[in-house]
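A structural walkthrough
Listed below, chain by chain, are the residues.
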Amino acid sequence: MRECKSILLIKLDEIGDMILASPALKAIRVRYPSARITCVVRPEILPLVEHCPYVDQFLPMSRDFKTFGLAKLGLFARLLWFCARHRLFRQDCSWVLRTTPYAQECLLSLAAGARERVGWSNSELFWSRHCFTRIVDCEGAWHETVRLLAGVTERPPNADGVATEVWLAPEDRGCTA
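**Structural notes on the overall build of the protein**
- In terms of regular secondary structure, the protein is built from 7 helices and 6 strands.
- Ordered by position from the N terminus, the helices and strands of the protein form the series β-α-α-β-α-β-α-β-α-β-α-β-α.
- The long-range share in the protein, meaning contacts at least 24 apart out of those at least 6 apart in sequence, stands at 60%.
- Element-wise, carbon and sulfur atoms account for 56% of the exposed surface of the protein, whose accessible area totals about 9100 Å².

**Remarks on helix α7 (residues 144–153)**
- Most of α7 sits out of view: 9 of its 10 residues are buried.
- Inspection of α7 places Glu144, Thr145, Val146, Arg147, Leu148, Leu149, Ala150, Gly151 and Val152 among the buried residues, and these make up the whole buried set.
- After α7 finishes, the residue Glu154 shows a positive phi value of roughly 60°.

**A few points about the packing of aromatic side chains**
- Per the counting criterion, the structure on display carries 2 aromatic pairs.
- Plain terms: the ring middles of Tyr32 and Trp95 are 6.1 Å apart, the flat faces sit at 45° to each other, and that makes the pair tilted. In this pair, Tyr32 sits in the loop between α2 (22–31) and β2 (36–41) while Trp95 sits in strand β4 (residues 93–96), placing the two residues 63 residues apart along the sequence.
- By relative accessible area, which is 0% here, Trp95 ends up buried.
- Between Tyr54 and Trp167, the aromatic rings sit 6.4 Å apart at their centres with planes inclined by 80°, giving edge-to-face as the arrangement. A residue pair is termed long-range when its members are at least 10 positions apart, and Tyr54 in the loop between α3 (46–49) and β3 (57–60) and Trp167 in the segment after α7 qualify at 113 residues.

**A look at the layout of surface pockets**
- In this structure, the largest pocket spans a volume of roughly 200 Å³.
- As for the largest pocket, its lining consists of Pro23, Lys26, Ala27, Val30, Arg31, Leu149, Thr153, Arg155, Gly161, Val162, Ala163 and Glu165.
- Counting residues per element, the ones that place at least two in the lining of the largest pocket are α2 and α7.
- Looking at side-chain class alone, the lining of the largest pocket contains 6 nonpolar, 2 polar and 4 charged residues.

**Comments concerning the state of the cysteines**
- Applying the stated criterion across every chain yields a total of 1 disulfide.
- For Cys4, the disulfide goes to Cys93, at an S-S distance of 1.6 Å. As the torsion about the S-S bond is roughly -50°, the Cys4-Cys93 disulfide counts as left-handed. Residue Cys4 is found in the segment before β1 (6–11), and its partner Cys93 is found in strand β4; the two are separated by 89 residues along the sequence. Each member of the pair, Cys4 as well as Cys93, is classed as buried.
- Cys52 supplies the cysteine sulfur nearest to Cys39, a cysteine that is in no disulfide, at a spacing of 8.0 Å.
- The exposure class assigned to Cys39 is buried, which follows from its relative accessible area of 0%.

Thresholds applied
Residues numbered from 1 in each chain as written. Predicted model: local features only at pLDDT ≥ 70, side-chain atom pairs only at ≥ 80, totals over all residues. Heavy atoms only, no water. Helix = DSSP H or I, 4+ residues; strand = E, 2+ residues; numbered from the N terminus. Contact = heavy atoms within 4.5 Å. Areas by Shrake-Rupley, 256 points an atom, 1.4 Å probe, with all protein chains shown as cover. Buried < 20%, exposed > 50% of the residue type's maximum accessible area, 1.4 Å probe, protein only. Phe/Tyr/Trp six-rings, centres within 6.5 Å; stacked < 30°, edge-to-face > 60°. 1 Å grid on protein atoms, 1.4 Å probe; cavity = no way out; pocket = protein on both sides within 12 Å on 5 of 7 lines; lining within 4 Å. Points joined across faces, edges and corners; volume = space filled by probe spheres on them. Nonpolar A, V, L, I, M, F, W, Y, C, P; charged D, E, K, R; others polar. Disulfide = S-S within 2.5 Å.

As structure tokens, then:
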């Protein structure tokens, strides 16, 4: 993958899945240290990620579960509007950080107009085959954290030294559970 100056990450998942994606966020920042990185997450996730040092901006987006068939055209129009409102057009790269992406995530990657759109998928997912320019094979017994990291680094999956992170606010760092 060539140099990316603006990167869109899409992760419309639950809290635990966001924590599992933390090594991939770090790997993207290490790989592209000067890139402007924007990550779209569910609104409930914002308090968890607001102190993440690897992402420049987090944008909230609710997940749309009720869109089927031709209604996806309306969803795509809403995603285009979201991209316009947040000036997300013409990103250099986008990654959908989910090994079985939702149609909304795939379409958002396409709506943002990124030249390179990377996603994890298997051959059964219709939207991913048509929205991504590079599909990372996610078959195998590897944990999702390792599969995401392997796709970002473009190296074979390796669990050695992989650690998830949680980013605390300064006032929370001295607290113990």
